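Spelled out from the first residue to the last, the chains are:
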Amino acid sequence: MIAKERTIPLKLQKLEALLRRLPHQHAKRDSIAEKLYRLKAGYRGEREIDYPLSFLPEDTYWILHDLRLFDGSHYFQIDTLVISQRFALILEVKNFKGVLVLEESFQQMIRIIDEKKEGFPNPVFQLERQKNQLKKWFAFHHIAPIPIEGLVVISRPQTILQSTPNHPHIHTMIHAEKIPFIVREMSQLHSKKKWSKNQVYEAIKLTLNEHAPLDIDILEQEEILPIELIKGVQCPFCDELSMKRGWGRWDCLLCYKTSKTAHYAALNDYKLLISHTISNQQARNFLCIESPIVTRKLLLTSPAREGTNRHRIYHLT
Ligand SMILES: [Zn+2]
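So, how was this worked out
Residues numbered from 1 in each chain as written. Predicted model: local features only at pLDDT ≥ 70, side-chain atom pairs only at ≥ 80, totals over all residues. Heavy atoms only, no water. Phe/Tyr/Trp six-rings, centres within 6.5 Å; stacked < 30°, edge-to-face > 60°. Helix = DSSP H or I, 4+ residues; strand = E, 2+ residues; numbered from the N terminus. Buried < 20%, exposed > 50% of the residue type's maximum accessible area, 1.4 Å probe, protein only. Lys NZ or Arg CZ within 6 Å of the ring centre and 35° of its normal. Pairing = 2+ DSSP bridges. Axes fitted to C-alpha atoms, helices over the stretch in contact; angles between N-to-C directions. Left-handed = near helix turned anticlockwise from the far one by under 90°. Contact = heavy atoms within 4.5 Å. UniProt positions renumbered as here; feature names shortened; annotations may be inferred. Donors = N, O, S within 2.8 Å, 3.2 Å for Na, K, Ca; no water. Tetrahedral: all angles 85-135°; square planar, octahedral: opposite > 155°, others 65-115°. Expected span 1.5 Å × (residues − 1). Core = buried A, V, L, I, M, F, W, Y, C linked by side-chain atoms within 4.5 Å. Domains from an automatic or database assignment. Buried area = accessible area lost by both parts, 1.4 Å probe. Salt bridge = Lys/Arg side-chain N within 4 Å of Asp/Glu carboxyl O. Polar contact = N/O pair within 3.5 Å; in protein donor to acceptor, adjacent residues only side chain to side chain. Nonpolar A, V, L, I, M, F, W, Y, C, P; charged D, E, K, R; others polar.

Q: I'd love a proper account of the packing of aromatic side chains, names of residues and values included.
A: A complete count under the given rule lists eight aromatic pairs for this structure. Measuring from ring centre to ring centre gives 5.1 Å for Y51 and F55, while their planes differ by 90°; the resulting arrangement is edge-to-face. With centroids separated by 5.9 Å and ring planes inclined at 85°, the aromatic side chains of W62 and Y201 adopt a geometry described as edge-to-face. Separated by 139 residues along the polypeptide, W62 in strand β2 (residues 62–70) and Y201 in helix α6 (residues 197–210) bring together distant segments of the chain. A relative accessible area of 40% places Y201 in the partly exposed class. Above the face of the Y75 ring, R68 is positioned so that its terminal group lies 3.9 Å from the ring centre.

Encoded structure:
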């Protein structure tokens, strides 16, 4: 069963919000759109494994997507972790196109597209590092040892995998559709139960508690100042940042449609791009509202706030 769902990556949400709020002529739009495109392709690739994973018996395997854990010295990320009573399995999902060649003498991975060759770090080494880090993490949290397996999963069925016949990584890099068959082989290999069901639940609970999603400051990373962003409330119908506060609702100055809740998306953009907290004055400025009283009413829907009157800060949840 799925113990942790896959969610839209935070960085993807941040890049989308940034693109929504950068002027059309902004010099960084193209490079941000390119990054967003690649992240979306990666996310689509990760979702490609959901179907083959759905064939694993629900009462034997627990699936946790998108994990970021701290091993005592480094954070490490796992695309998908499959836990059972006999072994744990790390799936590292790759979205490569073209032909992938595992080269033996230097253990590189070479990608060929349109006869153009390009070298990439061999993802099997990344996987080995993740396996070691997970082992260390289990030990650090006094969890009984369990065999840790790993697979590099190529999400696109059209991608061609090539290698020399005896390459040591030949069974570690697979197409997504093979996952259930390989997992069955692994369960035969690890015939002895290492954990009770309670130990499995404890390990899952700990993993969920310790998961620390990476919350980057996207403006800092892209070297963009808050002042460069377009302020205002986006119209949910024509997508322009063209809504003006009217009596108890938002009116679009371009398509003339109205919305009562359009400011929620704007405040979410503020949270993704600038800060998790906002003051009345900051909200007035960002939502382009003049009245502090109207702004206060809109912000009072936030359950978490601290301070009083002019110094009140609202937590954007
Ligand atoms: Zn509109």
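Q: Which residues make up the sheet that holds strand β11 (residues 243–245), and what values go with them?
A: Strand order across the open sheet formed by three strands is β11-β12-β13, with antiparallel pairing between neighbours. Each edge of the sheet is formed by a strand with only one pairing partner; in this case those strands are β11 and β13 (258–259). Relative to strand β12 (residues 250–252), β11 runs antiparallel, the two sharing three bridges. Counterpart to M243 in the pairing with β12 is C252.

Q: I'd love a proper account of the packing of helix α1 (residues 10–20) against helix α2 (residues 29–47), names of residues and values included.
A: As a packed pair, α1 and α2 sit with axes 10 Å apart at the nearest point and diverge in direction by 150°. Here the hand of the crossing between α1 and α2 comes out left-handed. Contacts between α1 and α2 involve K11, L12, L15, E16, L18 and L19 from the former and R29, I32, A33, K35, L36, L39, K40 and Y43 from the latter.

Q: An account of the UniProt feature "domain: NERD" (unreviewed entry) in the chain is requested, with residue identities and associated values reported.
A: The UniProt record annotates "domain: NERD" (unreviewed entry) at residues 41–157. Secondary structure across residues 41–157 comprises 25% helix and 39% strand; the distance between its end C-alpha atoms is 14 Å.

Q: Lay out the coordination of the zinc ion with the relevant residues and their values.
A: In an ideal octahedron of six donors the angles at the metal are 90 or 180 degrees, and in an ideal tetrahedron of four donors they are 109.5 degrees. Coordination of the zinc ion by the protein is provided by C235 (SG), C238 (SG), C252 (SG) and C255 (SG), with metal-donor distances spanning 2.3 Å. In this structure, the zinc ion is coordinated by four donor atoms arranged in tetrahedral fashion, with angles at the metal of 106 to 120°. Mapped onto the polypeptide sequence, the residues donating to the zinc ion form the spacing pattern C-x2-C-x13-C-x2-C. Taken together, the positions of C238 in the loop between α7 (218–222) and β11 and C252 in strand β12 put the pair 14 residues apart, joining distant regions of the chain. Since its relative accessible area comes to 26%, C238 is described here as partly exposed. Accessibility expressed as a relative area gives 3% for C252, which makes it buried.

Q: So what's going on with α2? Residues and values would help.
A: In a regular helix each residue adds 1.5 Å, so 19 residues correspond to 27 Å; α2 covers 27 Å between its end C-alpha atoms and thus fits that length. Elements that come into contact with the buried residues of α2 comprise α1, α3 (50–53), β2, β3 (75–83), β4 (88–94) and α7.

Q: Explain the pairing of strand β8 (residues 148–154) to me, and be specific about the residues and the numbers.
A: Within β8, seven of the seven residues are buried, which leaves it mostly tucked inside the rest of the structure. Taking every second residue as pointing to the same face, both faces of β8 are buried, with I148, G150, V152 and I154 on one and E149, L151 and V153 on the other. Where β4 meets β8, seven bridges bridge the pair, whose relative direction is parallel. From the neighbouring strand, E92 faces β8, where its bridge partner is V152.

Q: A description of unusual backbone geometry should follow, citing residues and the corresponding values.
A: With a phi angle near 65°, E115 is a residue other than glycine that sits in the positive phi range. The residue E115 is located in the loop between β6 (109–113) and β7 (116–120) in this model. Assessed through its relative accessible area of 79%, E115 is described here as exposed. Within the chain, Y256 stands out as a residue other than glycine whose phi angle is a positive 65°. Secondary-structure assignment places Y256 in the loop between β12 and β13. The class for Y256 is exposed, based on a relative accessible area of 68%.

Q: Outline the nonpolar core, listing residues and values.
A: Counting 29 residues, the largest nonpolar core has L81, L134, F138, M173 and W195 as its most contacted members. The element contributing the most residues to this core is helix α4 (residues 123–140), with five residues. Residues contacting F138, with those up to four places away along its chain left out, are I143, I146, I148 and W195.

Q: Break down the domain arrangement of the chain for me, citing the residues and quoting the values.
A: Each assigned domain of the chain is listed here: domain 1 (2–210) and domain 2 (231–315). A straight line from the C-alpha centre of domain 1 to that of domain 2 covers 38 Å. Each partner contributes to the interface: domain 1 provides seven residues, whereas domain 2 provides nine residues. Between domain 1 and domain 2 the total buried area reaches about 770 Å² when both faces are included, carbon and sulfur atoms providing 53% of it. It is K14, R20 and R21 in domain 1 that bury the most area against domain 2; as a group they hold 75% of the surface buried on that side. The partner of R21 in a salt bridge is D269, and the shortest N-O contact between them spans 2.8 Å. In this structure, the connection of domain 1 to domain 2 is made through four residue pairs in polar contact (both at pLDDT 80 or more). Class assignment of the residues belonging to the side of domain 1 that touches domain 2 gives a composition of three nonpolar, one polar and three charged.

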